[in-house]
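So the chains spell out like this:
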Amino acid sequence: MIVYKSTDWVEALRHLRASDIIRLLLKRVLWVGLYAAVVTGLVVKYDKLNLAVDKEFFSFLGIMLSLLLAFRTNTAYDRFYEGRRLWGQLVNNCRNLAVLLHARLPANDHANRTYLARLLSNFPIALDGHLRQGVRFEKLEEADAGFVERLQQVQHVPSRLSALLQEAFERLLREEVLLPNHLITLQRHHEALLDVAGACERIKATPIPFSYSYFIKGFVTVFILTMPFNLLDTYEWLTVPITMLGAYALLGVEMIGDEIEDPFGKDSNDLPLTQISNRIRANVHEILGVELHEDVRTLADVPYSVVF
Amino acid sequence: MIVYKSTDWVEALRHLRASDIIRLLLKRVLWVGLYAAVVTGLVVKYDKLNLAVDKEFFSFLGIMLSLLLAFRTNTAYDRFYEGRRLWGQLVNNCRNLAVLLHARLPANDHANRTYLARLLSNFPIALDGHLRQGVRFEKLEEADAGFVERLQQVQHVPSRLSALLQEAFERLLREEVLLPNHLITLQRHHEALLDVAGACERIKATPIPFSYSYFIKGFVTVFILTMPFNLLDTYEWLTVPITMLGAYALLGVEMIGDEIEDPFGKDSNDLPLTQISNRIRANVHEILGVELHEDVRTLADVPYSVVF
Amino acid sequence: MIVYKSTDWVEALRHLRASDIIRLLLKRVLWVGLYAAVVTGLVVKYDKLNLAVDKEFFSFLGIMLSLLLAFRTNTAYDRFYEGRRLWGQLVNNCRNLAVLLHARLPANDHANRTYLARLLSNFPIALDGHLRQGVRFEKLEEADAGFVERLQQVQHVPSRLSALLQEAFERLLREEVLLPNHLITLQRHHEALLDVAGACERIKATPIPFSYSYFIKGFVTVFILTMPFNLLDTYEWLTVPITMLGAYALLGVEMIGDEIEDPFGKDSNDLPLTQISNRIRANVHEILGVELHEDVRTLADVPYSVVF
Amino acid sequence: MIVYKSTDWVEALRHLRASDIIRLLLKRVLWVGLYAAVVTGLVVKYDKLNLAVDKEFFSFLGIMLSLLLAFRTNTAYDRFYEGRRLWGQLVNNCRNLAVLLHARLPANDHANRTYLARLLSNFPIALDGHLRQGVRFEKLEEADAGFVERLQQVQHVPSRLSALLQEAFERLLREEVLLPNHLITLQRHHEALLDVAGACERIKATPIPFSYSYFIKGFVTVFILTMPFNLLDTYEWLTVPITMLGAYALLGVEMIGDEIEDPFGKDSNDLPLTQISNRIRANVHEILGVELHEDVRTLADVPYSVVF
Amino acid sequence: MIVYKSTDWVEALRHLRASDIIRLLLKRVLWVGLYAAVVTGLVVKYDKLNLAVDKEFFSFLGIMLSLLLAFRTNTAYDRFYEGRRLWGQLVNNCRNLAVLLHARLPANDHANRTYLARLLSNFPIALDGHLRQGVRFEKLEEADAGFVERLQQVQHVPSRLSALLQEAFERLLREEVLLPNHLITLQRHHEALLDVAGACERIKATPIPFSYSYFIKGFVTVFILTMPFNLLDTYEWLTVPITMLGAYALLGVEMIGDEIEDPFGKDSNDLPLTQISNRIRANVHEILGVELHEDVRTLADVPYSVVF
C-alpha cells in the first residue's frame, strides 16, 4: 500500500510510477488519443466539420454516466474500507484475547503463554496467505512439535487454527486455569477470528454484480467512442487532447473502482496484510510476555508502503 | 452468479450471452429504435423538422430522472449485497458453532459429531430451497433414521432445524457434555441461523415500494417516448441510434435494479446459494472431524459461476 | 402492501388504481395543467410571448431542487425500510424465543407451551394495533382466563405483554424448568420485543424536520408556478402538457416521500403488519408444538397484497 | 418540535410563524433583495446592461455548490436523527430495565419498586436539563429523603444517577432478591443510559468541522453576491425577485442545516426531550406498578408540538 | 478544534486566521490568479480572444469532477466523525467501567479506588499521545510506585494499560471483591478500550487509496489549468477573479478533505483529544469518589477551542 502525506501534491506525483493501475490508465488514454486522431483526420480530410450535435443531450448522458460512476466508486471504496476495517478488528481482537489470557495465566506459565502467543500470531499470517496465493506455511510459528506439518493436511487452515485455540481454552478450563465464565469473555474475541476470515472471503469472492459492471463498461465505451464527434465542430485538432482528458476522467474512475474493490492483492493500492500480521505478532508476544526473535519483531515496524 | 476478472473488458463481453437481463434490455432497446424510426419517418414525411425544443428543460428533467435512477440503483444493490452478507454470516456462524462443539465433544464421540455435522449442514441447504422453489429434501443429509421424512411434515423447515439443534444442546447439557455456560457461547451463533433466514425472507418479500417503482417506470417511459422529438431537429435519421443509446442507459439502470434487488433467483446475477451451502457442509464436516463422501465434498469447489 | 413482479411493466400499470397517492398525484397534476393553461391563454392573448428567460439559471435551480428531493427520497425510504427491518427482527426474535423455550420445556408440558405460544403471538398483534388505530383486543389470543380483560386496563399494552413474558421466565426459573443461564439466552430475544416497539413508535412520531419539509414544499411550489413562464416562448400551447410532465416529476417525488415515511398506515404502500403478525403466530405455535385453529393458521398464508 | 400531517400542504404553511429559522431566512432573503435592487438600479442608471456572462460556468459552480449543500444537509440531518434515535433507545432501555426489575421484585415490595421507578424516571429528566440549560432539580422525583439535595453537589449528574442504579442492583444482589445472572441481563440496559448520555454530549459538542462550515458559508456568500450580475442582462428589474428566489434556496439549505445539527435546543425543530422524559416516567411507573400523581402522568400525553 | 456558534456568520469569519488550511487555500488561490493573469495577458497581447470553446463539454467535466469531490468529501468527513465517535465511546466506556467498579468496591476501599481511577484515567491520556507525537509520560498519573517508569519500557502502551486493568480485575476476583459474573459485565466496557485504540490507529494509518487521491488531484489540476481558456472569450480581464473563484471552490473541497481525514493532529479542525482525556479523568475520579487535585480537575473545563 502506498502511504503518503496527502497534503503534499508534488510527493503524490513521485509515487506515480508505483501504481500499476495509473500506468494502465495512461496507456488506455493514449489509445483513445490515437482513435480520436484518426477520427479527426478522416473528418478533416472529407471536410465534414459541420456535424450537427445536440450538446445538451450529450451532456445529459454524461451526467447520468457520472452518477453511475459515482455509484461504482462508492461500492468499490466500501469494499476496500470494509477490508481494512476487518483487519483492524483482527488486530483489536487478537490484542484483547492476549490481554484476557495474560491476566488469567500464572505469570510463570511459560509453556502455555508461548503456545498461545504463537497460535494466535499464526492466525493473521495464515489468513493473509489464504486470501492471496495460498497459506505460506514456512512463515508460521511452530506452536508445538509437528504443528505446521499437521496443518498442511487441512483444507481450511483458518478454521483449524480457530479450533485449536478453542481446544486450548477447554483444556485450560479442565486444568482449572480458566473459570467457566472466561469461556464467555474469551468467546467475544475468539469468534471474531472466523468472522473476519469469512467476511474477507466474501469480499474477495463477490465482485459488483456482472450486469452493473458490464453495463457501465459498455456505457463508458460507447460514450468515449462518440466523444470526438461531439467535439470536432468546435475544436478541430484540439479534439485529440480534449478527448483524452475526458477518457482519462471516465476510464480512470471505472478502472480504479475495479482495482480497489478487491483489496487483497499485492498491488500498490492493496492492504498491507503482511505488515498488519507482523504487528499483531509483535503485540501479542509483548502482551503475553513471550520473547520474540529480534529479526521477527522488527518486521512489525516495516512501513506500510513496502510490498512483500 | 457470473464471476469475472473485472479488469478484463474483453472477457466481460464474452459473458454477455449468459445474462438474461442484458438480452432483455437489448430487445427493448430494439423496440425503442423501431418507435424512433417510425416517429422520424412521419416527421420527415410531413416536413415538420423545425420543432421548437427547450433543450435545457429536457436536460433538467433528464438529470432529475438520473438522480432517481441512482437512488433506485443504490437500494437494489443494497439488497443484493445485504443478501450476500447474510449468507456470509451463515458461513461464519456455522463454522464457529462447529468449532465450539468440536472443542467440547470428546474426540471419539462419533455419534454426536456425525449427527451435529449433518444437522448443521442441512440448515443452509434447506434455506437455499426455502428461498427459491421449496426445500429439496433429497439434497438433505439423513442426520438420523427417518430424519428427512419427519422434516417433510413441517411448514417452516428452517425453524425446525434450528429447534432440533437447540434440542441437541439441551440433551448434551443433561448428559453433562456441555456446561451451562456453553449455552451462552453457542447461543450467539445459533441465533444467527434464524436471523439470517428471517432477513432473507424479508429481502425476498419486500420489493421497493410500489409507488416508487411505478413512478420511476412511468417517468422513464414518458421520457423515452419524448426523446425522438427532442433530437429530430438536430440529427434527422441519426435520431434512431441516439435514441437507442439513451434508452439503453435509462432502461438498463432501471431493469438491472429490478433484477438485482431479489438476489435469490437462479439468474446469472443471483447469489451462488448452492455452492455456499456445499462449502459450509465441507467446512463443518472437516472442523468436527466427520468423514464426508468424496463426491459431496468436491461440490464445495464448484466455481461460483456454475448455476445449479 | 402491493406486491408485484417488478420486471413486468404492464402488470405494474394494473395496480395503479390501488394506490391512493398516485391518484392524488394525478389530480394535482391536472390542477397544475389548468394553471398552465390559464397562464398560456393570458400570455397568448396579450401577445407577450417574447419573455426573456435565463434557462441556465432555471436549470441550475431545478438541479438543486432535484438534489433536495433526492435527499427527501432517501430519508423517507430509510424509514420505510427501517420499519420493515424492525418487523423482520420481530419475526426472528419470536422464532428464536420459541425455539429456546421449546428445547427446554418438557415435551408434554402442554400448559406452559400453550400459554407461552399465545402470549408471544399476542405481542405482534398488539403492536400492530398500537401503531395504527389502537390495540384490537378481540384479535388477541386468550392466554389464560381473563387475560384480555386485564390487558384492557393498561395504558401501554406492548410493555405489559413483555412484562408478562418476563414474569413467566422467572416463574419457570423458580420451578427449575429453566436454569439461571437461560435468563441470559432468552434475554437477547426478549429485549428485542420492546426495542422493536419503541423504534416503531419513534418512526411514527418523528417526521422529517418541519423546516426541511416546509422548505422543500415551498421550493417545489414556486418552481412549478414559474415553470410555464420558462416554457412559453418555446412551446406556446404545448407548455400545458410539458408543465404537467414537470409537475408530475417534482410533486411525485415529494408526495411519495411524504407517504412512505410513515409505513404504519393502511395504504397500499404500507407494511403488511397484520400478515406478518399472523405468520409469527403460526410459526410460534408450530415450533412450540401447540395446535392452532385451522382458520387462524391459514391467515398466515394471506398474500401481502391483501389489506386488512 | 412541530408535528404535522405531512401530506397537508396548507396546514404546513400555518406552522410557518412558529419556526424561527424560517423567519430569519425570509429576513435575510429580503436583505439580498435590497442588495439586488441596488445593483440593478446602478447598472440600469449607467446603462451597462450588456454584461458578458458565461452562464455555463456559473451554472457549473452552482451545481458544485448544490452538491456541497447536499453533503451539508445530510450531515446535519444525520445528527438530528441520531439524536432522535438515541432518545428512542433511552425509552427502550428504561422500559426493558423496568420489565426485568418488575418480574424479579416481589409484587408487594413497594419500597424498592418506588425507589427504582423514581430513580429510573429521573435519568431522562436530568439528561434533558444537562443537554440544555443545566439540570432542573425541581423537576426530579425525590427517590428517597434528601435525594435531590445530595445530587446538587455533583458535577456530572447523569453519571451519578447511573451509579446509584448500579448500587441498587448490588444491594438487591446482597439481599438475594437478584441472582448473579441478573447483573448480566440488567447490564445490557443499564449501560445504555450512559451511552446515550455520552453520545448526546458528543452531538452537542461537535459541529461540522469549522473548515467545511466556513468554506460553504464563503461560497454561498460569493455566489449570491454575483448572482444579480448573471441575471441582469436577461431580466432587468425582474432580477430582484429571481435573485431572492435563488438566495432563498441556497441560504435556506445552509441555515436549516446549521439549526438542525444541534437537536437539543428549544427551537421548533428540536427534539421533544421533555415529553419523551415524561413518557418514560409514566411507562416505568406503570410497568413497576407504582402510582404516579395524575398531574404528572398526564404530562406524558402532551403533544410533541408543545414546547416547554 | 474550533468551536463556534454555527448560525453566526460574522463570528465564523473571525476564526479565519486560526485555520491553517484556509490560509494555505487562499495562498494557492492567489497563485492560480497569477497564472490566470499571465494567460490572459498573453492571449490579449496576441489578440486570440476568439478561442472556440465547447462550454457544454467543459461543464460536463466539471460536474463529473464535482461528483468525485463529493465522494472525497464524504469519505474524509466519515473518518473525522468516526474518530469523534470513537473518543465518545471511550468516554462512555470509561464512565461505565467506573460505575460498575464503584458499585462493587466497598465504599472505604480507598486503595483500590485510587489505583483504578488513576489507571483508567491514564488510558485516554496515553492514547492521545500514542496517536500524536508519542506518549507524554509526564502527563500520566502515578497509579502506584514506579508505575510510569515501568510503562516506559513498553512498546505499545495502550495494550499494557489494558492488561494492567485486566490483571486488577483478576486480583479483585481472587480477593472475592468481584464475583465471576462481574468479569462478564466489566468485559463489555474493558474490551472497548483496545477497540477504540485499534480503530484510531486504523484511521491514522489508512488514507484514501493513493489511486483516488492522485487521480482527483490530477483532475483538479488539469481542470484549473484549462479554466482561463474557457472563460477568456467572455470575460477578458475578469477571467482572473472568476478563475480564482473556481479554484477556491475546487481546491478548497480537495484540501479540506485531505486535512479532515486524519483527525488526530493538532490543527484547528482536529479533535480535542486532550480535553476529552481530561474530562474522562475528572468523571472517573468523581464516580469512584477519589479526590483529584483542583488544578487537574479544572483542566476538564478548558473549552474545546483551546489547542494544547
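No experiment lies behind these values; they were computed from the predicted model shown.

Caption draft 1: Up close: the overall build of chain A. The secondary structure content of chain A amounts to eleven helices and zero strands. Radius of gyration (C-alpha) of chain A: 27 Å, far over the 19 Å computed for a compact globule of 308 residues. Sorting the 308 residues of chain A into buried and exposed places 67% on the buried side. Taking contacts inside chain A between residues at least 6 apart in sequence as the whole, the part at least 24 apart equals 76%. When the accessible surface of chain A is split by element, carbon and sulfur atoms take 58% of a total near 10,800 Å². Looking at chain A, you have 32 positive and 36 negative side-chain charges, and the mean spots of the two groups are 2 Å apart.

Caption draft 2: Structural context of the relation of the copies chain D and chain E. In screw terms, the move from chain D to chain E is a rotation of 72° and a rise of 0.0 Å along the axis, fitting with an RMSD of 0.0 Å. When the rotation and shift are considered jointly, the pair of chain copies conforms to a five-fold rotation axis. Of the interface residues in chain D, just 11% have counterparts in chain E that sit at the interface too, so the contact is made through distinct surfaces.

Caption draft 3: Local environment of the relation of the copies chain C and chain B. Structural alignment of chain C on chain B gives an RMSD of 0.0 Å, achieved by rotating through 72° and translating 0.0 Å along the axis. Looking at the interface residues of chain C, only 10% of them are also at the interface in chain B, so each copy uses its own face.

Caption draft 4: Here's a closer look at the UniProt feature "transmembrane region" (unreviewed entry) in chain A. The UniProt record annotates "transmembrane region" (unreviewed entry) at residues 24-45, 57-77, 212-231 and 237-256 of chain A. Helix makes up 100% of residues 24-45 of chain A and strand 0%. Its end C-alpha atoms lie 32 Å apart.

Caption draft 5: Just the interface of chain C and chain B, in detail. Each partner contributes residues to the interface: chain C has 70 residues there, and chain B has 64 residues. Buried surface at the junction of chain C and chain B, both sides included, amounts to about 6,100 Å², of which 65% is carbon and sulfur. Its salt-bridge partner being glutamate 170 of chain B, residue arginine 104 of chain C comes within 2.6 Å of it at the nearest N-O pair. The interface formed by chain C and chain B includes 21 residue pairs in polar contact (both at pLDDT 80 or more). Residue assignment for the side of chain C that touches chain B shows that the elements contributing at least two residues are α1 (9-14), α2 (20-45), α3 (55-104), α7 (180-205), α8 (210-235), α9 (239-260) and α10 (273-288) of chain C. Here the side of chain C that touches chain B gets 25 residues from one element, more than from any other, and that element is α3 of chain C. In the side of chain C that touches chain B, the residues fall into 37 nonpolar, 23 polar and ten charged.

Caption draft 6: Fine view of the nonpolar core. The biggest cluster of nonpolar side chains holds 505 residues, and the ones touching the most others in it are Leu250 of chain A, Leu250 of chain B, Leu250 of chain C, Leu250 of chain D together with Leu250 of chain E. Apart from residues no more than four positions distant in its own chain, leucine 250 of chain C is found in contact with Phe60 and Met64 of chain B together with Leu65, Leu69, Val220, Phe223, Ile224 and Met227 of chain C.

Caption draft 7: Structural detail: empty space enclosed by the protein. As a volume, the second largest cavity reaches approximately 250 Å³. As for the second largest cavity, its lining consists of 16 residues, and the residues nearest its centre are Ile184 of chain A, Ile184 of chain B, Ile184 of chain C, Ile184 of chain D together with Ile184 of chain E. Elements that contribute at least two residues to the lining of the second largest cavity include exactly α7 (180-205) of chain A, α7 (180-205) of chain B, α7 of chain C, α7 (180-205) of chain D together with α7 (180-205) of chain E. The leading source of residues in the lining of the second largest cavity is α7 of chain D, at four residues.

Caption draft 8: Here's a closer look at the state of the cysteines. This structure, assessed with the given rule, holds zero disulfides over all chains. No disulfide involves cysteine 94 of chain A; its nearest neighbouring cysteine sulfur is the one of cysteine 200 of chain A, lying 12 Å away.

Caption draft 9: Examining a nonpolar patch on the surface more closely. Residue and element names in this part refer to chain A. Together, Trp31, Leu34, Val38, Leu42 and Tyr46 make up a nonpolar patch on the protein surface, roughly 580 Å² of accessible area in all. Note that valine 38 resides in helix α2 (residues 20-45). Given a relative accessible area of 47%, valine 38 falls into the partly exposed group.

Caption draft 10: Fine view of helix α10 (residues 273-288) of chain D. Under the 1.5 Å per step criterion, the end-to-end length of α10 of chain D is 22 Å for 16 residues, consistent within 8% with the ideal 22 Å. Once α10 of chain D finishes, glycine 289 of chain D follows within two positions and takes phi at roughly 70°, a positive value.

Caption draft 11: Spatial organisation of the confidence of the model for chain A. Scored by pLDDT, chain A has a mean of 88; 91% of the residues are at 70 or more. Of all helices and strands in chain A, the one with the weakest mean pLDDT is helix α1 (residues 9-14) of chain A (60), whereas helix α6 (residues 157-174) of chain A scores best (97).

Caption draft 12: Seen up close, the packing of aromatic side chains. For the structure on display, the rule yields 50 aromatic pairs over all chains. Between the aromatic rings of phenylalanine 215 of chain B and phenylalanine 219 of chain B, the centroid separation amounts to 6.2 Å while the plane-to-plane angle is 70°, which identifies the pairing as edge-to-face. Remark: phenylalanine 219 of chain B and phenylalanine 215 of chain B occur in helix α8 (residues 210-235); sequence separation between them is four residues, near one turn of the helix. Each member of the pair, phenylalanine 215 of chain B as well as phenylalanine 219 of chain B, is classed as buried. Ring pairs connect the aromatic residues Phe71 and Tyr212 of chain A together with Tyr77, Phe80 and Tyr81 of chain B, which therefore count as one cluster.

Caption draft 13: Region of interest: the interface of chain D and chain E. Facing 64 residues of chain D, the contacting portion of chain E comprises 70 residues. The contact between chain D and chain E buries some 6,100 Å² in all, and 65% of this surface belongs to carbon and sulfur atoms. Remark: the boundary between chain D and chain E carries three salt bridges. The tally of links from chain D across to chain E stands at 20 residue pairs in polar contact (both at pLDDT 80 or more). Every element with two or more residues in the side of chain D that touches chain E is listed here: α3 (55-104), α6 (157-174), α7, α8 (210-235) and α9 (239-260) of chain D. Per-element accounting of the side of chain D that touches chain E gives the leading share, 16 residues, to α7 of chain D.

Caption draft 14: Structural view of the pattern of salt bridges. Counted by the stated rule, this structure contains 80 salt bridges over all chains. In this structure, arginine 136 of chain B and aspartate 128 of chain B form a salt bridge, with 3.6 Å as the shortest nitrogen-oxygen distance. Each of the two residues, arginine 136 of chain B as well as aspartate 128 of chain B, counts as buried. Here aspartate 258 of chain D makes a salt bridge to arginine 72 of chain D, at a shortest N to O gap of 2.6 Å. Residue aspartate 258 of chain D is found in helix α9, and its partner arginine 72 of chain D is found in helix α3; the two are separated by 186 residues along the sequence.

Caption draft 15: Layout of the environment of phenylalanine 169 of chain E. All names here are of chain E. Counting through the fold element by element, phenylalanine 169 comes out in helix α6 (residues 157-174). Along the chain, phenylalanine 169 and leucine 299 lie 130 residues apart, while their C-alpha atoms are 29 Å from each other. For phenylalanine 169, the contacting residues outside a window of four places in its chain are Leu97, Leu101, Leu178, Leu183, Leu186 and His190.

Caption draft 16: Geometry of α7 of chain B. Residue and element names in this part refer to chain B. Taking 1.5 Å of rise per residue, the 26 residues of α7 would be expected to cover 38 Å, and the 38 Å separating its terminal C-alpha atoms lies within 8% of that figure. Of all the bends found along α7, the most pronounced is centred on glutamine 187 and spans about 45°. Counting buried positions over the 26 residues of α7 gives 21, a clear majority of the element.

Caption draft 17: Fine view of unusual backbone geometry. Despite not being glycine, glutamate 236 of chain C shows a phi value in the positive range, around 45°. On the secondary structure map, glutamate 236 of chain C appears in the loop between α8 and α9. At glutamate 176 of chain D, a residue that is not glycine, the phi angle is positive and equals roughly 60°. The topology assignment puts glutamate 176 of chain D in the loop between α6 and α7.

Caption draft 18: Looking closely at the packing of α6 of chain D against α7 of chain D. Residue and element names in this part refer to chain D. Where α6 meets α7, the closest approach of the two axes is 10 Å, and the angle between their N-to-C directions is 175°. Relative to α7, the element α6 is oriented roughly antiparallel. Here Pro158, Ser159, Ser162, Leu165, Gln166, Phe169, Glu170 and Leu173 of α6 come into contact with α7, specifically with Pro180, Leu183, Leu186, His190, Leu193, Leu194 and Ala197. The residue makeup of the contact of α6 with α7, split by class, is ten nonpolar, four polar and one charged.

Caption draft 19: The environment of alanine 117 of chain A, seen in detail. All names here are of chain A. In this fold, alanine 117 is placed in helix α4 (residues 110-131). Its relative accessible area of 0% is what places alanine 117 among the buried residues. Counting along the chain gives 153 residues from alanine 117 to aspartate 270, while the straight-line C-alpha distance between them is 27 Å. Discounting chain neighbours no more than four positions away, the residues touching alanine 117 are Val284, His285, Leu288 and Val290.

Calculation notes
Here, residues in each chain are numbered from 1, in the same order as that chain's written sequence. The order in which chains are written sets their letters, starting at A; the order in which ligands are written sets their numbers, starting at 1. It should be noted that, the model being predicted, local features are given only for residues of pLDDT at least 70 and side-chain atom pairs only at 80 or more, the latter also being counted only at that level, while totals for whole chains, interfaces and linings use all residues. Computation of side-chain values: all heavy atoms of the structure, hydrogens and water removed. Strands here are runs of E lasting at least two residues and helices are runs of H or I lasting at least four, both read from the DSSP assignment and numbered beginning at the N terminus. Here the globule rule is a power law, 2.2 Å times the number of residues to the power 0.38, and the radius of gyration is based on C-alpha atoms. Each residue is placed in one exposure class: buried if its accessible area under a 1.4 Å probe, protein chains only, is under 20% of its type's maximum, exposed if it is over 50%, and partly exposed if it falls in between. Working rule for contacts: check all heavy atoms of both residues, and any pair within 4.5 Å makes them a contact. Per-residue and other accessible areas were derived by the Shrake-Rupley procedure at a 1.4 Å probe size, with only the shown protein chains allowed to occlude residues. Think of it this way: Lys and Arg go in the positive column, Asp and Glu in the negative one, and His and the chain ends go nowhere. In plain terms, the charge of a residue is placed at NZ if it is Lys, CZ if Arg, CG if Asp and CD if Glu. For this overlay, a least-squares fit was computed on C-alpha atoms, restricted to residues scoring pLDDT of at least 70 in both copies. UniProt positions are given in the numbering used here, feature names are shortened, and annotations may be inferred rather than shown by experiment. By definition, the buried area sums, over both parts, the 1.4 Å-probe accessible area that each loses when the two are put together. When a carboxyl oxygen of Asp or Glu is within 4 Å of a side-chain nitrogen of Lys or Arg, the pair counts as a salt bridge. Side-chain atoms alone can form a polar contact between residues adjacent in sequence; in general such a contact is a pair of N or O atoms within 3.5 Å, and within protein one must be able to donate a hydrogen while the other accepts it. We call Asp, Glu, Lys and Arg charged. Ala, Val, Leu, Ile, Met, Phe, Trp, Tyr, Cys and Pro are nonpolar, and the rest, Gly among them, are polar. Among the buried residues, those of types Ala, Val, Leu, Ile, Met, Phe, Trp, Tyr and Cys that are joined through side-chain atoms within 4.5 Å form a nonpolar core. In this analysis, the protein atoms alone were mapped onto a 1 Å grid. Cavities are point sets where a 1.4 Å probe fits without being able to get out; pockets are open sets with protein on both sides within 12 Å along at least five of seven lines; lining residues have an atom within 4 Å of a point. Grid points are joined across faces, edges and corners, and a volume is the space filled by probe spheres set on the points. The criterion for a disulfide is a pair of cysteine sulfur atoms lying within 2.5 Å. Only residues whose relative accessible area exceeds 30% and that form no salt bridge enter a patch; like-charged residues are grouped when within 9 Å of one another, and nonpolar side chains (Val, Leu, Ile, Met, Phe, Trp, Tyr) when within 5 Å. A helix is expected to span 1.5 Å multiplied by its residue count minus one. Note on scores: pLDDT gives the predictor's confidence for each residue, bounded by 0 and 100. Side-chain rings of Phe, Tyr and Trp, where Trp is taken by its six-membered ring, are said to pair if the distance between their centres is within 6.5 Å; with planes under 30 degrees apart they count as stacked, over 60 as edge-to-face, and otherwise as tilted. Take the seven residues that end at a residue and the seven that start at it, fit an axis to each, and the angle between those axes is the bend at that residue. Geometry is summarised by axes, namely lines fitted to C-alpha atoms with helices restricted to the contacting stretch, and by angles between N-to-C directions that run from 0 to 180 degrees. Geometric relationships in this document are graded by angle, where less than 35 degrees denotes roughly parallel, more than 145 denotes roughly antiparallel, 65 to 115 denotes roughly perpendicular, and other angles denote oblique.

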